[in-house]
Amino acid sequence: MADDLLFGSEPLTPAHTDRLRRAFSDASKRAWCYYAPFLCCYSLPPGREVFLVERGGALWLPVRRTASEGPQIDLLVPPLPFPGDAFDSILDDLMAVNGGRPFRILWVDEEDARRLPADRFTLRLKDAEYLYDPARVVAAPGRPYRDLRKRLRRFQRRVCAHFREMEEGDIPACEDLLRHWRRRQGRRRAFLLDWGYTRAALARYGEFSREDLQGWCVRVEGRVAAFAMGGRMQDGLASFFIAKTDPEVRGLSEYLRWEVCRSLSDYRLVNDAGDLNLAGLRQHKRKFRPVGRLPVYAAEVRPEAGR
């Protein structure tokens, strides 16, 4: 594979969405990273570019990054379908591409984590993603949802908010809100890395079908105070992709998440990603009573694994 890893490859674009979704669905992938619009928007050339390659009957998603030591090639996810024993034979080639430096697999679900050769990879738990039953969240029944119901009622009494589908004419206001959010919230934590792909998703909103990437916004006092994006991953499963709110409007985050679940209530499950080990975000997401958690890992080839 070596230097021909990218030979014949295609830079990932929204035009690949259907192809990716079919491949992920056939492999029953439910992790948040398997949402095709996210992968397309994660590609931010020239500093970081994602490619699609077919080799040996498998689909590969290498990502080329600019690093101080030179270009670095990693894999976004393990190849689909997983090549089993054949995977071990290409590790040296991938190491050679990077000048002997270890390469990484940025997202590995639990199934593939069991398949990776333990003698050649180090696994690190990256997060545990939240799965919601959106219809149950909307109904918010019984004692488990009491706090959520109280917060929603308090917000709706205090704030006149209008939730609706995003239109392309809303994009500039959403971009303004994103900049405001970054000034007030995002820069406090350097590892909140969604700034780039959120901007890309707004800029490329018109390139996706509305079923694959749908947007919503909330207007408060005539201005966009929140926006969100999400869409189908496969039959019965949707991704809650992006949520940004004005941190100065108390209760808006709960209201936005509840309304998005209402918009996605035709799906059996919604993957709302993890909580980045942030206590506040964890508390916030637990209010919506997840019906499951999906562990996701990062993998790095062991330096001594090159043979």
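For the structure itself, consult the block above.
Note that the structure is a prediction, hence the values are computed from the model and not measured.

### Overview of the overall build of the chain
Next, step 1: Per the secondary structure count, the chain includes 11 helices and 13 strands.
Next, step 2: Computed over the C-alpha atoms, the radius of gyration of the chain is 20 Å, within 12% of the 19 Å expected from 2.2 N^0.38 for a compact globule of 307 residues.
Next, step 3: Reported as C-alpha extents along the three principal axes, the dimensions of the chain are approximately 65 × 40 × 35 Å.
Next, step 4: Residues classed as buried in the chain amount to 52% of the 307 residues present.
Next, step 5: Accessible area for the chain stands at about 14,500 Å²; split by element, carbon and sulfur atoms hold 47% of it.
Next, step 6: Of the side-chain charges in the chain, 53 are positive and 43 negative, and the distance between the mean point of each set is 10 Å.

### Re the packing of aromatic side chains
Next, step 1: A complete count under the given rule lists 15 aromatic pairs for this structure.
Next, step 2: Here Tyr 35 and Phe 241 contribute two aromatic rings whose centre-to-centre distance is 5.3 Å and whose plane-to-plane angle is 65°, an arrangement assigned as edge-to-face. A residue pair is termed long-range when its members are at least 10 positions apart, and Tyr 35 in the loop between helix H1 (17–26) and helix H2 (36–42) and Phe 241 in strand E11 (residues 237–245) qualify at 206 residues.
Next, step 3: In this structure Tyr 35 comes out as buried when scored by relative accessible area, which is 0%.
Next, step 4: Relative to Phe 241, the ring of Tyr 197 lies with its centre 5.7 Å away and its plane at 15°, an arrangement referred to as stacked.

### Considering the side chain of Ser 43
Next, step 1: Looking at the secondary structure, you find Ser 43 in the loop between H2 and strand E2 (48–55).
Next, step 2: Of the residues examined, Ser 43 reaches a relative accessible area of 8% and is grouped as buried.
Next, step 3: Reaching out from Ser 43, the side chain makes a polar contact with the backbone nitrogen of Val 50 at a distance of 2.9 Å.
Next, step 4: The contact partners of Ser 43, leaving out residues within four places of it in the chain, are Arg 48, Glu 49 and Val 50.

### Quick look at a positive patch on the surface
Next, step 1: Together, Arg 143, Arg 146, Lys 150, Arg 153, Arg 154, Arg 157, Arg 158 and Arg 250 give the surface a local cluster of positive charge.
Next, step 2: Its location among the elements puts Arg 250 in the loop between E11 and helix H10 (252–263).
Next, step 3: Residue class for Arg 250 comes out exposed when judged on its relative accessible area of 67%.

Calculation notes
Residues numbered from 1 in each chain as written. Predicted model: local features only at pLDDT ≥ 70, side-chain atom pairs only at ≥ 80, totals over all residues. Heavy atoms only, no water. Helix = DSSP H or I, 4+ residues; strand = E, 2+ residues; numbered from the N terminus. Rg over C-alpha atoms; globule rule 2.2 N^0.38 Å. Buried < 20%, exposed > 50% of the residue type's maximum accessible area, 1.4 Å probe, protein only. Areas by Shrake-Rupley, 256 points an atom, 1.4 Å probe, with all protein chains shown as cover. Lys, Arg positive; Asp, Glu negative; His and termini not counted. Charge placed at Lys NZ, Arg CZ, Asp CG, Glu CD. Phe/Tyr/Trp six-rings, centres within 6.5 Å; stacked < 30°, edge-to-face > 60°. Polar contact = N/O pair within 3.5 Å; in protein donor to acceptor, adjacent residues only side chain to side chain. Contact = heavy atoms within 4.5 Å. Patch = residues over 30% accessible without salt bridge, like charges linked within 9 Å, V, L, I, M, F, W, Y side chains within 5 Å. Salt bridge = Lys/Arg side-chain N within 4 Å of Asp/Glu carboxyl O.

What is shown is where atoms sit, not what they do.
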